[in-house]
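A closer look at the structure
One letter stands for each residue in the lines below.
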Amino acid sequence: MSILRVNTIQNTSGNSTVTNVGKIIQVKHGIEDDQVQYSADQFTDGPEVTISPSSASNKIIIMGGISIGEGTGGDVHVFLYKDGSSLSGAIGESHTGNTRSTSGLSTGRSAWDTQTTPIFYVDSPNTTSSVTYKITAMATNSPIALNRQQNGNQNMDNDNSHISYIIAMEVSA
């Protein structure tokens, strides 16, 4: 067993009081359980959460997942939105002809498959006003479904029924 002993720990402003740093201050969550079919190139709905940071210097950890029933022949692009726009730090680099997204999956399997794509991100909102985060998806060249199989047959014994979720945790700086 190791023991760490120090006389003083100082924060960045030189004070010897270091409290509540790195602690979870609040946790908010949202669930989307609707099952909806979407056309190719149409954005899905998705789970969202609103959080009001208690300090502008605090961080927000976002965790979540969106459950997509895929079509046959296209790509699914998953996006993390902040206050209605794609979160610029949470999307891939720009290259000619590509779609910049937070995550994604390839659809070429069958309309019977569903996948849950995870999202993890640390944001610095720099505000104490409320901030809304949302996970959404869009498929190119193929229809997709939110929280169920893409084939749309709700009466089959082997149909999947899922939820999509998002969690926002405020961490003290």
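These numbers come from a predicted model, not from an experiment.

Parameters and conventions
- Residues numbered from 1 in each chain as written.
- Predicted model: local features only at pLDDT ≥ 70, side-chain atom pairs only at ≥ 80, totals over all residues.
- Heavy atoms only, no water.
- Helix = DSSP H or I, 4+ residues; strand = E, 2+ residues; numbered from the N terminus.
- Buried < 20%, exposed > 50% of the residue type's maximum accessible area, 1.4 Å probe, protein only.
- Contact = heavy atoms within 4.5 Å.
- Areas by Shrake-Rupley, 256 points an atom, 1.4 Å probe, with all protein chains shown as cover.
- pLDDT = per-residue confidence, 0-100.
- Core = buried A, V, L, I, M, F, W, Y, C linked by side-chain atoms within 4.5 Å.

Some details on the overall build of the protein chain
When you go through the protein chain residue by residue, the secondary structure sums to zero helices and eleven strands. Along the protein chain, helices and strands appear, N-terminal first, in the series β-β-β-β-β-β-β-β-β-β-β. Counting the 173 residues in the protein chain, one finds 37% classified as buried. Contacts in the protein chain between residues far apart in sequence, at least 24 positions, make up 80% of those at least 6 positions apart. As displayed, the protein chain offers around 9,500 Å² of accessible surface, 46% of which is attributable to carbon and sulfur atoms.

Things to note about the confidence of the model for the protein chain
This prediction gives the protein chain a mean pLDDT of 83; 83% of its residues lie at or above 70. By mean pLDDT, strand S7 (residues 103-106) is the weakest element of the protein chain at 71, and strand S3 (residues 48-51) is the strongest at 98.

As for the nonpolar core
By size, the foremost hydrophobic cluster in this structure holds 23 residues, and its most contacted members are Val 76, Leu 80 and Tyr 133. Breaking this core down by element, the ones donating at least two residues are S3, strand S4 (59-69), strand S5 (75-82), strand S9 (131-140), strand S10 (144-146) and strand S11 (164-171). In terms of residues, this core owes the most to one element, S9, which gives five residues. Those residues within four positions of Leu 80 in sequence are excluded, and the remaining contacts are Ile 62, Ser 85, Ser 86, Leu 87, Ala 90, Thr 102, Ile 119, Tyr 121, Tyr 133, Lys 134, Ile 135 and Ile 166.

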